[in-house]
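Each chain, written out:
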Amino acid sequence: MASSTSQPESPSRPSDDNAARRLLDSSARLSYDPLTEVDWDTPLDTDFHGTSPEWSTLYGTPYWQELTEAQRKALTRQEAASVAGTGIWFEMILQQMVLRDIYAKDPTDDTVQWALTEIADECRHSIMFARGAKKLRAPAYRPHRVAIELGRFFKTVAFGEAAYASILVAEEVLDVMQRDWMRDERVVPFVRTINNIHVVEESRHMKFARDKTRRHLARAGRLRRRVHAVLIAVAAYVIVTSMVNRKVYANAGLDEERALREAKANEHHRSMMRASCSGLMEFLASVGLLTRPALFFYRRAHLI
């Protein structure tokens, strides 16, 4: 590779490779195998929650106050399984976008090898989430059909900063709540282990997504930036509103319609979501992606 004194370097290649090499080195030092790290054999202990209770969609509502402790724990276990199902759905979208981004590129590049490493991580995470949901005695929760079809469209057309910023949105929202869950001794131990694995490995993915978003935006024109800002915001809205399937309430033995009504009006949960996204919103603002039309969707999702 020519030196920068004799020939201008590619605007992305050298620093991209340096960052990717550091991420590859970190992955080699600190990665987990969920098949051996997670305790899959011990039967589920129903004396534990599936998430920190404060993250339940009903926490703080009149309905929550009426529930027994056993019902609250059953609900948070179903909610944890639903979040896992949404995570699997978006990880499949993520894998396809990243594969498309590196298709036909030089596989000896550290950046391409890191992308493949990230895809491998996401494959393991999806299996881990699926096994975790099954152990929580939950069905396979999936987003609404409209969200699934929107995801199918998005993963086909999204590129550059639209793809990587959307990846960041999904990972950042999960990261904050899972950091709470993995430290909470009220949460069933195997779920805490799952959350810990995901937080550690996704921290590398988020760093890469932020860097790629900045680099793509540096080459983006005004129109592209404005269009992608809205596309990313719509993706964020669909992801966040798909996290907790309405069927979790009936599966926890609750009145589905009442639970859904109170969850939708739950200001406590909205404030938790806004707090979890404060760092994400600061980043999006810093790179010019919090346009007025985009803000409409972030507010609708109670992320800002």
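Residues numbered from 1 in each chain as written. Predicted model: local features only at pLDDT ≥ 70, side-chain atom pairs only at ≥ 80, totals over all residues. Heavy atoms only, no water.

K.L.:
What is the right way to look at the overall build of the protein chain in this model?
P.N.:
In terms of regular secondary structure, the protein chain is built from 14 helices and 0 strands. Along the protein chain, helices (α) and strands (β) appear in the sequence α-α-α-α-α-α-α-α-α-α-α-α-α-α when read from the amino end. Here the C-alpha radius of gyration of the protein chain, 20 Å, is about what a compact globule of 304 residues would show, namely 19 Å. Considering the protein chain as a whole, with its 304 residues, one finds that 54% of them fall into the buried category. Here the analysis covers contacts within the protein chain between residues at least 6 apart in sequence; of these, 83% occur between residues at least 24 apart. In the protein chain, which carries 43 positive and 39 negative side-chain charges, the distance between the mean positions of the two groups comes to 6 Å. (Helix = DSSP H or I, 4+ residues; strand = E, 2+ residues; numbered from the N terminus. Rg over C-alpha atoms; globule rule 2.2 N^0.38 Å. Buried < 20%, exposed > 50% of the residue type's maximum accessible area, 1.4 Å probe, protein only. Contact = heavy atoms within 4.5 Å. Lys, Arg positive; Asp, Glu negative; His and termini not counted. Charge placed at Lys NZ, Arg CZ, Asp CG, Glu CD.)

K.L.:
Looking at this structure, how should I read the confidence of the model for the protein chain?
P.N.:
Close inspection of predicted coordinates is inappropriate in any region flagged by low pLDDT. For the protein chain, per-residue confidence averages 93 on the pLDDT scale, and 95% of positions sit at 70 or higher. Ignoring residues within four places in sequence, the model shows residues 1–12, a span with pLDDT below 50, making 8 contacts including any to other chains. (pLDDT = per-residue confidence, 0-100.)

K.L.:
Please clarify how the packing of helix α5 (residues 110–135) against helix α8 (residues 189–218) should be interpreted in this entry.
P.N.:
If you want to describe how two helices pack, look at the angle between their axes and the distance between the axes. Closest axis-to-axis distance for the α5/α8 pair is 10 Å, and the angle between their directions is 150°. Taken together, the axes of α5 and α8 lie roughly antiparallel to each other. For α5 against α8, the interelement crossing comes out left-handed. Contacts between α5 and α8 involve T111, W114, E118, D121, E122, R124, H125, M128, F129, G132 and K135 on the former and, on the latter, F190, I194, I197, H198, E201, E202, R204, H205, F208 and K212. Residue composition of the contact of α5 with α8, by class: 7 nonpolar, 5 polar and 9 charged. (Axes fitted to C-alpha atoms, helices over the stretch in contact; angles between N-to-C directions. Parallel < 35°, antiparallel > 145°, perpendicular 65-115°, else oblique. Left-handed = near helix turned anticlockwise from the far one by under 90°. Nonpolar A, V, L, I, M, F, W, Y, C, P; charged D, E, K, R; others polar.)

K.L.:
What's the story with helix α4 (residues 69–102) in this structure? I'm lost.
P.N.:
Think of an α-helix as 3.6 residues a turn; residues three or four steps apart then line up on the same face. Taking 1.5 Å per residue, 34 residues should reach 50 Å; α4 reaches 49 Å between its end C-alpha atoms and fits that length. Taken across its 34 residues, α4 has 27 buried, putting it largely inside the fold. (Expected span 1.5 Å × (residues − 1).)

K.L.:
Would you explain the pattern of salt bridges in this entry?
P.N.:
Side chains that differ in sign of charge can pair as their charged atoms come close. Enumeration according to the criterion identifies 21 salt bridges in this entry. When the shortest N-O distance is used, the salt bridge between R21 and D25 registers 3.3 Å. Remark: D25 and R21 occur in helix α1 (residues 13–29); sequence separation between them is 4 residues, near one turn of the helix. Judged by its relative accessible area of 32%, D25 is partly exposed. A salt bridge links E256 to K247; the nearest nitrogen and oxygen atoms lie 3.7 Å apart. You can call E256 buried: its relative accessible area is 14%. We classify K247 as partly exposed; its relative accessible area is 43%. (Salt bridge = Lys/Arg side-chain N within 4 Å of Asp/Glu carboxyl O.)

K.L.:
What should I look at first to understand the packing of helix α7 (residues 160–183) against α8 in this one?
P.N.:
Where α7 contacts α8, the two axes come as close as 8 Å, and the packing angle between them is 155°. Taken as axis vectors, α7 and α8 run roughly antiparallel relative to one another. Taken as a pair, α7 and α8 cross one another with a handedness that is left-handed. Among the residues forming the contact of α7 with α8, the class breakdown is 12 nonpolar, 8 polar and 10 charged.

K.L.:
So what exactly am I meant to see when it comes to the environment of L75 here?
P.N.:
Relative to the assigned elements, L75 resides in helix α4. Leave out the neighbours within four places in its chain, and L75 touches S56, L58, W64, V248, Y249, A252 and L254.

K.L.:
Looking at this structure, I do not really get the environment of H125. What am I missing?
P.N.:
Note on placement: H125 falls in helix α5. What makes H125 buried here is its relative accessible area of 0%. Each C-alpha atom of the pair H125 and A84 lies 9.5 Å from the other, and the pair is 41 residues apart in sequence. Setting aside anything within four residues of it in sequence, one finds H125 in contact with E91, H198, E201, E202 and H205. A distance of 3.1 Å separates a polar atom in the side chain of H125 from a polar atom in the side chain of E202. (Polar contact = N/O pair within 3.5 Å; in protein donor to acceptor, adjacent residues only side chain to side chain.)

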